[in-house]
Amino acid sequence: MTTATAPASKDGAQVELQRRMLRQMLLIRRFEEKAAESYALGKIGGFCHLYIGQEAVAVGSLAALRDDDYVISSYREHGQALARGIPATAVMAELFGKATGCSKGKGGSMHLFDASKRFMGGHGIVGGHIPLAAGLGFAIRYRGGDQVCLCFFGEAAVNIGAFHEALNMASVYKLPVIFCCENNHYGMGTAFDRVAAVTDVVEHACSYDMAAELVNGMDVSAVYEATQRAVRRARSGGHPTLLEVRTYRFMGHSMSDPLHGVYRTKEEVEEQKKRDPISHLVLALKEEGVLDDAALEALDQEARAVVEEAVKFAEASPDPDPSELGTHVLAD
Amino acid sequence: MPTLTYRDALNQALREEMQRDTNVFLMGEEVGLYQGAYKVSRGLLEEFGPMRVVDTPIAELGFAGLGVGAAMAGLRPVIEFMTWNFAVLALDQIVNSAAKILYESGGQIPIPIVFRGPNGAALQLAAQHSQAWETWLAHIPGLKVVAPATPADAKGLLKSAIRDNNPVIVLEGEMLYNTKGEVPDGEYLVPIGKADVKRDGRDVTLLCHSKTVTTALKAAELLAGQEGVSAEVLDLRSLRPLDEAAILASLRKTNRAVVVEEGWPHCGIGAQVVDLIQRDAFDHLDAPVLRVTQADVPLPYNKQLERLAKPSPDKVVAAVRRVLYLD
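Residues numbered from 1 in each chain as written. Chains lettered and ligands numbered in written order. Predicted model: local features only at pLDDT ≥ 70, side-chain atom pairs only at ≥ 80, totals over all residues.

Let's talk about the overall build of chain B
- From N to C terminus, chain B includes 13 helices and 14 strands.
- The C-alpha atoms of chain B give a radius of gyration of 20 Å, which matches the 20 Å a tight globule of 327 residues would have.
- Sequence separation of at least 24 residues holds for 78% of the intrachain contacts in chain B that already meet a minimum separation of 6. (Helix = DSSP H or I, 4+ residues; strand = E, 2+ residues; numbered from the N terminus. Rg over C-alpha atoms; globule rule 2.2 N^0.38 Å. Contact = placed C-beta atoms within 7 Å.)

Shown next as structure tokens:
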């Protein structure tokens, strides 16, 4: 009995982490479903890119970070914003364009910011924020800190010059940046292998003498552990890492295109859904005997309640005052 | 007061600001070991070391973006472009990142960064290396744009730019680096957004900036000699924000104006100035406002053709004669 106690307590911490990650993934899933619904109702405008199917990437990688690390992302960033701890109320209010949104209604779905969480945006030009991540890493190194910068982008960004320029400089200057490529296989409606000469994104790391790892993005624990290894490299000597996290988006590119059709088949999407990262984690936890249906149901109800509350908050929040039009163009 | 070249005045501004604030660093192609493509950064690597004077690969988009990211974290980068012609590659970072992050974050993240380097034509560098970019840059809300014409203004405006909490574009004149002038020692700041009367006059206002200040001053000299015309030379210095009050005050005095700029005519800085004048000083005008610009062509290599394309004192004199109805 006594010999079993120590490992059991270690497992306890691990189980607690996994339950926390499941809670976050459920929150993102329910949040995004509600965002789609609200978009259809005209409550959310513009472009809206959902994260359903990719939850394990944001949740697993961000679980490996400290509060004083930096996070920066592309325009498919609702999930990362939530996993970083920006309240669902502030994120939903931003999607609704309200004054209480995390960017005061001025950024919208693609430009979620929370400086207090060191969440440095949502950026809308494919690949454009990857050099910014190098700059955040540069600032860490300049000040002699041991923080890291975690940068999310899609595989389509790998074809753009900014990716290569940023990786080269991150390696040359030894910047503590983790380049997390979420490979969901499609840049909008174009399959990666139709437009990329090298389809294993990790291989690009060779060009920049950088550590790299290929990760199963449907397994939250695998993402967590790979990110932990990358974080360790970054904190001890500022070595950047390229992670290629293979995942899949179950929704269209944005709200304006269907789940499947001209560029992918229904069968493919259905097949991929069998790899659902939430089901994967639920199954693992059930097999370990640390989660049952009742507990799962409770977690799910909790996520739904948080999202309901977020929608209520967003609905009730005021639009930005007309006087806000001209504020924040320039700083004092 | 010491006399310095425009180049050394910029160097002094950089050195003083880097001494004053450890958050200030300089980054760009050849700024360190090579001492700067135009020697503006001479001696800075030795004084401040490689963490604060950073040589980069030839990757304008990349290092401009790196600078913006560092500014997001509170540093104060000075990003040198070897010329603004190359900065076109970095325009996404200047326009989409530097100019917009404060606004789209709802005011959370200021971007205190300076992008600087030589702008405009030099001599026989041909079309790709001979362009004036101020119109492109001054178009963008979220940026400030300055274009100093003298060594003193170069020092004072660069120091103000580095201390500003916004992205500031500093357009240096490639042909001005060797020009000399008196420069105040130590703390000397020229406020962004203030024009400067470089020559007092009564009969016509010559509105200019950067290298065309020299052109306008020469024209004013010719006009005074040949025609007895008293031309006021108003150096805009800042193109965004524009010192509208100074422009209108001069116009109300002279009632006539010619705008002189190195850029192309279509949608130029002069077009913006003319818009202001016709709107807010219509009743003070005694003649249409004319513009002297670069010819509306890519700049040719041939020396004679190049001279034909550029603004010149003679072209300014001709325009002044027209607004004064002397012909």
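Here we look at the environment of Arg76(A)
All names here are of chain A.
- Mapped onto the elements, Arg76 comes out in the loop between β1 (70-73) and α3 (78-83).
- Assessed through the 25 C-beta atoms surrounding it within 10 Å, Arg76 is described here as buried.
- Note: C-alpha distance between Arg76 and His253 (177 residues apart in sequence) is 9.2 Å.
- Contacts of Arg76, omitting those with residues within four sequence positions, involve His49, Tyr51 and Gly154. (Buried ≥ 20, exposed ≤ 12 C-beta atoms within 10 Å, placed from the backbone.)

Some thoughts on the domain arrangement of chain B
All names here are of chain B.
- Per the domain assignment, the segments of chain B are domain 1 (3-182) and domain 2 (196-323).
- Inter-centroid distance (C-alpha atoms) of domain 1 to domain 2 is 26 Å.
- Tallying the contact residues gives 23 residues for domain 1 and 22 residues for domain 2.
- Breaking the side of domain 1 that touches domain 2 down by element, the ones donating at least two residues are α7 (134-138), β6 (144-146), α8 (151-163) and β7 (168-173). (Domains from an automatic or database assignment.)

Points about unusual backbone geometry
Residues and elements named next belong to chain B.
- Following Arg240, the chain continues into Pro241 via a peptide bond in cis, with omega recorded as 0°.
- By secondary structure assignment, the location of Pro241 is in the loop between β12 (238-240) and α10 (244-254).
- A positive phi angle, close to 50°, is found at Ser210, a residue other than glycine.
- Tracing the backbone shows Ser210 in the loop between β10 (204-208) and α9 (211-226).
- Taking the C-beta count within 10 Å as the criterion, Ser210 has 28 such neighbours and is therefore assigned buried.

Quick look at helix α1 (residues 6-20) of chain B
Residues and elements named next belong to chain B.
- With 15 residues, α1 extends 21 Å between its outermost C-alpha atoms, agreeing within 8% with the 21 Å of an ideal straight helix rising 1.5 Å per residue.
- Counting buried residues along α1, 11 of its 15 residues qualify, which places the element largely inside the surrounding structure.
- For α1, the full list of buried residues reads Tyr6, Arg7, Asp8, Ala9, Leu10, Asn11, Gln12, Ala13, Leu14, Glu17 and Met18.
- Residues of α1 that are buried in the fold lie against β1 (3-5), β2 (24-28), α2 (44-48), β4 (76-80), α8 and β7. (Expected span 1.5 Å × (residues − 1).)

A closer look at the interface of chain A and chain B
- The interface is formed by 32 residues belonging to chain A together with 33 residues belonging to chain B.
- Of all the secondary structure elements, the ones that give two or more residues to the side of chain A that touches chain B are β2 (119-122), α5 (130-143) and α6 (161-172) of chain A.
- The element contributing the most residues to the side of chain A that touches chain B is α5(A), with nine residues.

Description of α5(A)
Residue and element names in this part refer to chain A.
- Between its terminal C-alpha atoms α5 stretches 20 Å, which fits the 20 Å expected from 14 residues at 1.5 Å a residue.
- With 12 of 14 residues buried, α5 is to be regarded as a mostly interior element.
- Buried residues of α5: Ile130, Pro131, Leu132, Ala133, Ala134, Gly135, Leu136, Gly137, Phe138, Ala139, Ile140 and Tyr142, and no others.

Here we look at the pairing of β7(B)
Residue and element names in this part refer to chain B.
- Most of β7 is tucked away: six of the six residues are buried.
- Going residue by residue along β7, you find Val168, Val170 and Glu172 tucked away on one face and Ile169, Leu171 and Gly173 tucked away on the opposite face as well.
- Note: strand β5 (residues 114-119) against β7, six bridges, orientation parallel. Within β7, the residue paired with Pro118 across the bridge is Glu172.
- Relative to β7, β6 runs parallel, the two sharing three bridges. Bridging across to β7, Val145 finds its partner in Ile169.
- Following the chain from β6 across α8 to the adjacent parallel β7, one finds a crossover that is right-handed. (Pairing = 2+ DSSP bridges. Right-handed = clockwise from strand over helix to strand, strands pointing away.)

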